[in-house]
Amino acid sequence: MSYLTEYNKSIASPEVFWAEKAEALEWFKKPEQILSKDENGVDRWFADGELNTAYLALDYHVKNGRAGQVALYYDSPVTASKQQYTYKELLDQVARFAGVLKRHGVGKGDRVVIYMPMVPEAVVAMLACARLGAVHSVVFGGFAAHELAVRIDDAKAKVVVTASCGVEIQKIIPYKPLLDQAVELSAHKPQKCIIFQRPQVTAEMISGRDLDWNEEMAAAEPADCAAVKATDPLYILYTSGTTGRPKGVVRDNGGHAVALKYSMKAIYDMNPGEVFWAASDVGWVVGHSYIVYGPLLAGLSTVLYEGKPVKTPDAGAFWRVVQEYGVKALFAAPTALRAIKKADPESECLKPYDLSSLKTIYMAGERLDPPTYHWVRDLLGLPVVDHWWQTETGWAICSNLMGIEPKQAKAGSVTMPVPGYNVRILDSEGNEVGPNEQGAVAIKLPLPPSCLPTIWGDFERFRSGYLSAFPGYYVSGDGGYKDEDGYVFIMGRTDDVINVAGHRLSTGEMEGVVASHAAVAECAVIGVNDPLKGQMPVGLMLLKDGVEIDEGQLQAELVRMVRQEIGAIACFKKAIVVKRLPKTRSGKILRKILRQIAAGEQYTIPSTIDDPASLPEIYDIMSDHGLIAE
Ligand code: COA
Ligand code: AMP
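Every value quoted in this text rests on a predicted model; they were computed, and no experiment measured them. (Residues numbered from 1 in each chain as written. Chains lettered and ligands numbered in written order. Predicted model: local features only at pLDDT ≥ 70, side-chain atom pairs only at ≥ 80, totals over all residues. Heavy atoms only, no water.)

### Topic: the overall build of the chain
Of the regular secondary structure elements, the chain holds 18 helices and 31 strands. Taken over the C-alpha trace, the chain has a radius of gyration of 24 Å; the compact-globule value for 630 residues is 25 Å, and the two agree within 12%. Counting every position in the chain, which comprises 630 residues, the buried fraction comes to 59%. Sequence-distant contacts, at least 24 apart, represent 70% of the contacts inside the chain between residues at least 6 apart. As displayed, the chain has an accessible area near 23700 Å², and 50% of this comes from carbon and sulfur atoms. (Helix = DSSP H or I, 4+ residues; strand = E, 2+ residues; numbered from the N terminus. Rg over C-alpha atoms; globule rule 2.2 N^0.38 Å. Buried < 20%, exposed > 50% of the residue type's maximum accessible area, 1.4 Å probe, protein only. Contact = heavy atoms within 4.5 Å. Areas by Shrake-Rupley, 256 points an atom, 1.4 Å probe, with all protein chains shown as cover.)

Written as structure tokens, this is what we have:
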């Protein structure tokens, strides 16, 4: 099939196109209304359809001959354990845990926060929520108590599910004290907390509130699937925006299931029974879509890997997993491959492994820089597909469509728009620019199935953040261009979101923490280039008049505060005292110019600048600290 035929059809006749793709699912009630508007005027897919995502991910396969096929391989070098679950076994676990949740009052529409490491129980908990029509919100284990509290509050979680600890290489991270602290901080109190006790740490239980996973499972009755509307939420996933407050991206059930099932073949060229491995974390959107839902909806075997690309135990870890499970497609962040390259430049750790099962490597989460692209391609001699997406969409916006018509890749490009995404590059007036001209990467409405219909509890934030800049378009927040062949290049964020080791973080949130230090009058946190992690945050601080503090001590205190408030994952390690920050006459810090200086880009000095001499000064400071990209 030709890419252009498929793509053009999706844009010219989206309803016909997606109605056909929806046929691939066993609906409880088949949708007749393919595209309609909701009360906010937002396009919604399959509004009158009814289904259950967990049914499609598990029961459907058990009924259709896959009961004995492995659904999930769990591989945990950090705990030296491995387990596998067939579709039937996973279904039994999920139905039972749904019974546990049900017994504690969780039903359709109730929110359940899942704060867990990469253990099968995290997947079981997610699917159990889906089974009941409850809405899960998974919080990445690297976030600190305050971040967890913000999410518990915003989602008004009825129940929180956690484990006694996570394991970071050799470091044991007890989760329960973080949960207890979060519940103390949150205004909304969950009714119950269910704790999965791991052998490495036994969490202390709070009587009346905390329940033991194993005891509950032993006593539970399996629960049935609830029929939900296609437009009912399946999950909320909080992601970093430009303000200090994370935003709850809402994912619906119907559009999500249709898009993900379609993507498994169209993008990833996967067929039922094959093994797919997304080396991500269930706390991120990649984990939601391509560790859990996508592979299971498509009847694949998925790998849940609790380890790192390096140090668990060495840079051959990924290659071992590929060989051991016969992985056909590996999906990872470029930073993971850069870590492997750094630890094993001669690729000695690759040599013992047979990678004949592996057909394609997929990359996302951050820009795949051409040197890393070439290194991976030459190392493995396989197609390397850079594809671009966001938490907001839940699946790729641009990719090489390996199951439709693989194109010749271009280093630095995410190839072409995925069917359903009408991708346009706009100038500041909202006009389309020509080939090779950079602009805002936008998607002409309607967005395809799976994309967010709102921010949880705050439609206005969705409207103003994504839909209002250019009427009729969704604005991605990324800048980029299309070349003369229509290949799309994503060059980076145009806002205050940064990408550190494939993790999306808000500099605004870090600024909030830094500014709360007693010595700091004002600050800007910007992302600077980093050869391993892509970007790293750096704080530029103006001190309050009369404050005298050792810069090293201040930095250490700020690092501790950011770890405490946001989490180790923020990787905030550097803070520099400056005498002036470039500002407008109305006192707004010119963050965009700071970003441009760090990126080594040309910038225009705005006429509204208050103190033009601050710019060369800040340039020199950043240059002295080696913060300017070459
Ligand atoms: N729970 C608790 N802490 C966590 C955590 C988790 N789930 N994940 C990371 N952290 C901690 C780390 O231990 C580290 O702590 P430290 O400062 O005390 O050492 C800190 O957060 C920073 O972690 P990270 O940025 O991941 O650095 P690292 O040096 O541990 O690992 C990489 C570097 C490149 C190997 C790792 O970042 C990686 O594999 N990245 C890929 C990310 C990815 O897959 N993203 C999904 C998008 S597809
Ligand atoms: P997240 O929502 O965490 O998946 O982060 C989404 C952001 O990561 C995007 O808006 C981009 O800035 C960046 N991103 C993801 N994938 C790519 C890619 N393949 N190329 C460039 N940037 C990417």
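### A word on the pairing of strand S28 (residues 503-506)
Side chains His503 and Leu505 of S28 all project onto a buried face; the interleaved residues Arg504 and Ser506 project onto the opposite face, where all are buried too. The loop that links strand S27 (residues 497-500) with its antiparallel partner S28 comprises 2 residues; one of these, Ala501, has a positive phi angle of about 50 degrees. (Pairing = 2+ DSSP bridges.)

### Some thoughts on helix H5 (residues 120-132)
The terminal C-alpha atoms of H5, which comprises 13 residues, lie 19 Å apart, in line with the 18 Å expected from a rise of 1.5 Å per residue. Counted residue by residue, H5 has 13 buried out of 13 residues, so it is predominantly covered. One or two steps after H5, the chain reaches Gly133, where phi turns positive at roughly 80 degrees. (Expected span 1.5 Å × (residues − 1).)

### Some remarks on unusual backbone geometry
Along the chain, Thr312 connects to Pro313 via a cis peptide bond; the corresponding omega equals 0 degrees. Looking at the element boundaries, Pro313 is found in the loop between strand S17 (301-305) and helix H11 (317-325).

### What to know about the site of ligand 2
Lining the immediate surroundings of ligand 2 are 16 residues, of which His387, Thr391, Asp478, Arg493 and Arg504 lie closest. Residue Thr391 places a side-chain N or O atom 2.5 Å away from an oxygen atom belonging to ligand 2. Within the contact set of ligand 2, an oxygen atom lies 2.6 Å away from a side-chain nitrogen or oxygen of Arg504. Burial of ligand 2 by the surrounding chains reaches 94%, relative to a free accessible area of 490 Å². When its residues are assigned to classes, the shell around ligand 2 shows 5 nonpolar, 5 polar and 6 charged. (Near = heavy atom within 4 Å. Polar contact = N/O pair within 3.5 Å; in protein donor to acceptor, adjacent residues only side chain to side chain. Nonpolar A, V, L, I, M, F, W, Y, C, P; charged D, E, K, R; others polar.)

### Description of the packing of helix H3 (residues 53-66) against helix H10 (residues 285-297)
In contact at an axis separation of 8 Å, H3 and H10 are set at 55 degrees when each is read in the N-to-C sense. Here H3 is positioned oblique relative to H10, judged by the angle of their axes. H10 is crossed by H3, and the crossing has left-handed handedness. The residues of H10 that touch H3, namely those facing Thr53, Leu56, Ala57 and His61, are Tyr293, Leu296 and Leu297. A per-class count over the contact of H3 with H10 returns 5 nonpolar, 2 polar and no charged. (Axes fitted to C-alpha atoms, helices over the stretch in contact; angles between N-to-C directions. Parallel < 35°, antiparallel > 145°, perpendicular 65-115°, else oblique. Left-handed = near helix turned anticlockwise from the far one by under 90°.)

### Here we look at the site of ligand 1
As a matter of local geometry, ligand 1 sits amid 22 residues, with Glu168, Lys171, Ala501, Lys533 and Arg563 nearest to it. Glu168 is positioned with one of its side-chain polar atoms (N or O) 2.9 Å from an oxygen atom of ligand 1. At a separation of 2.8 Å, an oxygen atom of ligand 1 approaches a polar side-chain atom of Arg563. In isolation ligand 1 exposes 940 Å². Once the protein is present, 83% of that is buried. For the shell around ligand 1, the class distribution of residues is 11 nonpolar, 6 polar and 5 charged. Both domain 1 (3-307 + 387-480) and domain 2 (513-624) contribute no fewer than three residues apiece to the shell around ligand 1. (Domains from an automatic or database assignment.)

### What to know about the nonpolar core
Phe97 and Leu127 are the most contacted members of the largest nonpolar core, which totals 124 residues. Not counting the four nearest positions on each side in its chain, Phe97 is found in contact with Val124, Ala125, Ala128, Val161, Ile194, Trp213 and Met217. In this structure, Met510, Cys523, Leu558 and Phe572 belong to the second largest nonpolar core, which totals 41 residues. (Core = buried A, V, L, I, M, F, W, Y, C linked by side-chain atoms within 4.5 Å.)

### What to know about helix H18 (residues 614-624)
Taken together, the buried positions of H18 are Ser614, Leu615, Ile618, Ile621 and Met622. In an axial view of H18, the angular spread of the buried residues amounts to 130 degrees, which keeps them on one side of the axis. For H18, the secondary structure elements touched by its buried residues are strand S29 (520-530), strand S30 (534-543), strand S31 (574-577) and helix H17 (591-598). Positioned one or two residues after H18, Gly626 has a phi angle of 65 degrees, which is positive. (Arc of directions from axis to C-beta.)

### Notes on the sheet that holds strand S23 (residues 422-426)
Within the open sheet, the 4 strands sit side by side as S23-S24-S25-S26. Their pairing is antiparallel. The open sheet is flanked by S23 and strand S26 (488-493), the only strands paired with a single partner. With direction set aside, neighbouring strand axes in the sheet form an average angle of 50 degrees. Bridge count between strand S24 (residues 439-444) and strand S25 (residues 473-482): 5 bridges; the pairing is antiparallel. Residue Lys444 lies in a different strand from S25, and its bridge partner there is Tyr473.

### With respect to empty space enclosed by the protein
In total, this model carries 4 cavities of 30 Å³ or more according to the counting rule given. In this structure, the largest cavity spans a volume of roughly 60 Å³. Residue lining of the largest cavity: Leu368, Tyr373, Val384, Val385, Asp386, Asn400, Ala409, Lys410, Ala411, Gly412, Ser413 and Thr415, and that is the complete set. The biggest single contributor to the lining of the largest cavity is strand S20 (residues 384-386), with 3 residues. For the lining of the largest cavity, the residue count by class is 6 nonpolar, 4 polar and 2 charged. (1 Å grid on protein atoms, 1.4 Å probe; cavity = no way out; pocket = protein on both sides within 12 Å on 5 of 7 lines; lining within 4 Å. Points joined across faces, edges and corners; volume = space filled by probe spheres on them.)

### Observations regarding the state of the cysteines
Counted under the stated rule, the structure contains 0 disulfides. Cysteine Cys129 is unpaired, with the sulfur of Cys225 as its nearest cysteine sulfur at 13 Å. By relative accessible area, which is 0% here, Cys129 ends up buried. The thiol of Cys165 is not disulfide-bonded; the next cysteine sulfur, from Cys193, is found 17 Å away. Classification of Cys165 as buried rests on a relative accessible area of 0%. (Disulfide = S-S within 2.5 Å.)

### Comments concerning the sheet that holds strand S16 (residues 275-278)
Pairing is mixed across the open sheet formed by 7 strands, whose spatial order is S5-S4-S17-S16-S18-S19-S20. Of all strands in the sheet, those bounded by a partner on one side alone are strand S5 (81-86) and S20. If you compare each strand with its neighbour and ignore which way they point, the axes differ by 20 degrees on average. Pairing of strand S4 (residues 70-76) with S17 involves 4 bridges; the strand directions are parallel. Looking at S17, one finds that Tyr74 is bridged to Leu304.

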